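Structural characterization, general
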Amino acid sequence: EVRFKIWDTAGQERYAPLVASKFRTAQAIVFVFSLTDADSLNDIRDLHNSLLAHKGKSIPCILLGNKLDLCDGNQDNGECRRVVESQDGQRLAEELKFDGYFETSAKFPDPTELKKAIDVVFEATYQAALAEEQKEEEEMGPNLRPPEIPQVPFRIDPEKHKAKKDSKNGKCKC
């Protein structure tokens, strides 16, 4: 079973307790920052440290630079507002050992780039789950594995289990 929950806290301090509680159960994180705000990139390091403190281990993460639409010079005034270069985001993703770095625009997303980012998150999460399962099996040892329970088909014979009706009022005796 796969559940994909997205918590957008907009980096606001008032959401810090929520973020900390979600880190405990998260199996993957997409850290998003603004390409037009260098402080938002710098905040990623603190968020990642908080993740490690609450989770106790590293989990699959990617870094996503947002607001690419404000970085191409196609705004009404023709001005490019980009302050974080691609190599800065890439460098931080490598330093924090993230599974990937991508850039996009929430306003005009590139479906190909978003699909790549989502594929990386899912693949990294899947691989982490497999590794965790293998680790648990190794720790249990071959004799401590739970026995496999055979699947027994469950079938009710409708003729055998018909509701019995009361002969006086014709209603079910159940």
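Residues numbered from 1 in each chain as written. Predicted model: local features only at pLDDT ≥ 70, side-chain atom pairs only at ≥ 80, totals over all residues. Heavy atoms only, no water.

1. Details of the sheet that holds strand S1 (residues 29-34)
Rules: Paired strands, in this sense, are two strands between which DSSP finds at least two bridges. The helix and strand labels rest on DSSP assignments: H or I over at least four residues marks a helix, E over at least two residues marks a strand, and numbering proceeds from the N terminus. Axis lines are fitted through C-alpha atoms, for helices just across the contact stretch, and the angle between N-to-C directions can take any value from 0 to 180 degrees.
Pairing is parallel in the open sheet, where 3 strands are placed in the order S1-S2-S3. The open sheet is flanked by S1 and strand S3 (101-103), the only strands paired with a single partner. Taking the axes of each pair of neighbouring strands and ignoring which way they run, one obtains an average angle of 25 degrees across the sheet. Note that strand S2 (residues 61-66) and S3 share 3 bridges and pair parallel.

2. Here's the deal with the confidence of the model for the protein
Selection rule: pLDDT is a residue-level measure of predictor confidence that goes from 0 to 100.
Taken over all residues, the pLDDT of the protein has a mean of 78, while the share at 70 or more is 71%. The spread of mean pLDDT over the elements of the protein runs between helix H1 (residues 16-25), the lowest at 74, and helix H3 (residues 86-95), the highest at 95.

3. Some points on the side chain of Thr125
Where we set the bar: Contacts between residues were defined by any pair of non-hydrogen atoms, one from each residue, lying within 4.5 Å.
Its place among the elements puts Thr125 in helix H4 (residues 111-140). Once residues within four sequence positions are removed from consideration, Thr125 is found in contact with Gln27, Ala28 and Pro60.

4. Digging into unusual backbone geometry
Of note in the backbone geometry, Lys67 takes a positive phi value of approximately 75 degrees without being a glycine. Unusually for a residue other than glycine, Lys97 sits at a positive phi of about 60 degrees.

5. A closer look at the environment of Leu96
For the record, the criterion: Whether a residue is buried, partly exposed or exposed follows from its accessible area with a 1.4 Å probe, protein chains only, as a fraction of its type maximum: under 20%, in between, or over 50%, in that order.
When you line up the elements, Leu96 lands in the loop between H3 and S3. Taking the relative accessible area as the measure of exposure, Leu96 reaches 11% and is therefore buried. The spatial distance from the C-alpha of Leu96 to the C-alpha of Arg45 is 7.8 Å, given a sequence separation of 51 residues. Aside from chain neighbours lying at most four places away, what touches Leu96 is Ile44, Arg45 and His48.

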